[in-house]
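Observations on the model geometry
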Amino acid sequence: MKIAIPTNGGKLCQHFGHCEVFTFIEVDDTTKQIINREEITPPEHVPGIIPPWVAEQGAKLVIAGGMGGRAQGLFEEQGIKVIVGAPAEVPEKLVLDYLKNTLVTGENACDH
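Before going into details, it helps to say that this report is about the structure given with it. (Residues numbered from 1 in each chain as written. Predicted model: local features only at pLDDT ≥ 70, side-chain atom pairs only at ≥ 80, totals over all residues. Heavy atoms only, no water.)

**Brief notes about helix α2 (residues 69-77)**
What α2 keeps buried is the set A71, Q72, L74 and F75. The arc that holds every buried residue of α2, seen down its axis, measures 160°, which confines them to one face. Away from the buried face of α2 by more than 90 degrees, exposed residues G69, R70, E76 and E77 are located. Its buried side turned inward, α2 meets α1 (50-56), β5 (61-63) and β6 (81-83). Note on α2: the residue one or two positions beyond its end, G79, has a positive phi of about 80°. (Buried < 20%, exposed > 50% of the residue type's maximum accessible area, 1.4 Å probe, protein only. Helix = DSSP H or I, 4+ residues; strand = E, 2+ residues; numbered from the N terminus. Arc of directions from axis to C-beta. Contact = heavy atoms within 4.5 Å.)

Take a look at the structure:
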């Protein structure tokens, strides 16, 4: 499984559309271990462009701080699950917490 996390300065960015890079972390579904990590600069932020781009990278899950409802719907149309309200942590910690079912999320940091 591949997980996408919008990041700035090595930590989760609270607004996915304004991140510097997306960190893609691939995990082994059986062992629940991280097997690959890659940072990719997203295309320029234009409404609706990032969800299909993330899908092209092979991600099946996005862990985000904040994301508007329209964007969440566009990700879901691409077959990508979205988790919002994640804390500004390093991507590996977020992924490992998710895999252990210990990822604590708060409020969605975006209201549009």
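**Description of the nonpolar core**
In terms of nonpolar packing, the biggest core is built from 18 residues, with F22, V54, V62, M67 and F75 touching the most fellow members. Taken together, the elements giving at least two residues each to this core come down to β3 (21-28), α1 and α2. (Core = buried A, V, L, I, M, F, W, Y, C linked by side-chain atoms within 4.5 Å.)

**Details of the pairing of β3**
For β3, the tally of buried residues reaches six of eight residues, placing the bulk of the element in the interior. Here strand β1 (residues 2-8) pairs with β3 via six bridges, running antiparallel. Looking at β3, one finds that K2 is bridged to E26. In the sheet, β3 pairs with strand β4 (residues 33-40) via seven bridges, with the strands oriented antiparallel. The residue of β4 that forms the bridge with D28 is Q33. In textbook terms, the turn of a hairpin is the stretch between consecutive antiparallel strands, and for β3 and β4 this stretch comprises four residues, one of which, K32, has a positive phi near 60°. (Pairing = 2+ DSSP bridges.)

**Regarding the side chain of Q72**
Here Q72 lies in helix α2. The exposure class of Q72 is buried, given its relative accessible area of 18%. A polar atom in the side chain of Q72 sits 2.9 Å from the backbone oxygen of M67. Those residues within four positions of Q72 in sequence are excluded, and the remaining contacts are M67, V82, V84 and N108. (Polar contact = N/O pair within 3.5 Å; in protein donor to acceptor, adjacent residues only side chain to side chain.)

**Comments concerning unusual backbone geometry**
One non-glycine residue with positive phi stands out, namely K32, at about 60°. At N101, a residue that is not glycine, the phi angle is positive and equals roughly 60°. Here N101 is to be found in the segment after α3 (91-99). Residue classification places N101 among the exposed positions, given a relative accessible area of 71%.

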